[in-house]
Amino acid sequence: MRLHPRTQAAKESIFPRMSQLAQRLGAVNLGQGFPSNPPPPFLLEAVRRALGRHDQYAPPAGLPALREALAEEFSVEPEAVVVTSGATEALYVLLQSLAGPGDELVVLEPFFDVYLPDAFLAGAEARLVRLALGEGGFFLDLAALEGALTPRTRVLLLNTPMNPTGLVFKEAELKAIAELARRHDLFLVSDEVYDELYYGERPRRLREFAPERTFTVGSAGKRLEATGYRVGWIVGPKEFMPLLAGMRQWTSFSAPTPLQAGVAEALRVARREGFYEALRESYRKRRDLLAGGLGALGLRVYVPEGTYFLMAELPGWDAFRLVEAARVALIPALAFYREDPPRDIFRFAFCKSEEELSLVLKRLAPVVNSPREAEGGAVSG
């Protein structure tokens, strides 16, 4: 007896493995992207008020109050919103709904790790377009993107602000992508879970340029520092949304109702009280602390335009050796590439306290340029 081969797409990723190893070794965990800070008090208070009042199933499309709050955020009707159990479920439901056997999905590389398994489970083939990497960091080659399209392509999946690179696509790029999708009659899936974490001008949304074919994925966990709440959403053309709500009946049916109610209230408070502006400024300081410190150690750093991740080069190191030698847990670039990842690049999650980031720099200082340490034995994962 054996399990179906599709289970190979669902084997444990490096992210929980690295977190477990960090805990065992007492390492500072800059691998998995969960914040050190607690959620804001106004969210906690809203959830407490919801307990005992919103405790039964919500409709598969989402609690009406949350759909209404999100409709205000995105300037759409509530019927254009479906609430999901986190952005991970949103992406799974979308790919199950938009593509199937014989279809192709175009994904930018490096990519968030769920994209390829989701494509595989939908029976679709993922075609990768690698971002170019230069002295100034990662950038998109639009000609390469168009060159990857074939008559079988049905979906183009983007992530902006982008995990792991921190890249934020500019208005001209979004317009070009929207025009490309119209010319080739493609669906667009825009993973925008870090939509409130950007460090320049507020970026435009892809759906502004192609609303008739764009599905935007979002996450309360990233906006409100509560990744364990698992409240996400899809905003898309309203004629398709009842079918998406029907699809998610067969996954989790509905996200936790009291958490949906708390998030519905908290989204309005966050916008009204300037929470996102304060959050961005806090992350900007932590980004600059980490990037400046790594640069002072002689490392090449690719400073992000958004998200709470940055990429940097640690020549000669392996992630499992590094966590043992420096007691700092990072995610290697190989987790974000299907094959031939760029050498020596790691993703750092700076959604941690300034004290933790300072400790990381202190621990890395004596080992990052130590080839003898780098050639040491590996830690079994």
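Residues numbered from 1 in each chain as written. Predicted model: local features only at pLDDT ≥ 70, side-chain atom pairs only at ≥ 80, totals over all residues. Heavy atoms only, no water.

Chemist: Got a minute to help me understand the overall build of the protein in this structure?
Modeler: Across its full length, the protein holds 14 helices and 15 strands. Against the globule reference of 21 Å for 381 residues, the protein gives a C-alpha radius of gyration of 21 Å, in line with a compact fold. Viewed in the frame of its principal axes, the protein has a C-alpha envelope of about 60 × 55 × 50 Å. A burial count over the protein gives 57% of its 381 residues as buried. Once local pairs closer than 6 in sequence are excluded, the contacts in the protein between residues at least 24 apart make up 77%. (Helix = DSSP H or I, 4+ residues; strand = E, 2+ residues; numbered from the N terminus. Rg over C-alpha atoms; globule rule 2.2 N^0.38 Å. Buried < 20%, exposed > 50% of the residue type's maximum accessible area, 1.4 Å probe, protein only. Contact = heavy atoms within 4.5 Å.)

Chemist: Looking at this structure, how should I read the environment of P64?
Modeler: The residue P64 is located in helix α3 (residues 64-74) in this model. In this structure P64 comes out as partly exposed when scored by relative accessible area, which is 45%. The spacing of P64 and N159 is 95 residues in sequence and 27 Å in space, taken between C-alpha atoms.

Chemist: Is there a simple way to think about the sheet that holds strand β3 (residues 104-109) in this case?
Modeler: The strands that make up a sheet are held in pairs by hydrogen bonds between backbone atoms, and each pair lies either parallel or antiparallel. Strand order in the open sheet formed by seven strands is β2-β10-β9-β8-β7-β3-β4, and the pairing between neighbours is mixed. Every other strand in the sheet has two partners, leaving β2 (81-84) and β4 (125-130) as the edge strands with one partner each. Here the strands of the sheet are splayed against their neighbours by 20 degrees on average, with no regard to which way each runs. Pairing analysis gives four bridges linking β2 to strand β10 (residues 232-235), with the strands arranged antiparallel. Opposite V83, over in β10, you have W233 as the bridge partner. Against the sheet, helix α5 (residues 115-122) engages β3, β4, β7 (153-159) and β8 (187-191), with an angle of about 155 degrees to β4. (Pairing = 2+ DSSP bridges. Axes fitted to C-alpha atoms, helices over the stretch in contact; angles between N-to-C directions.)

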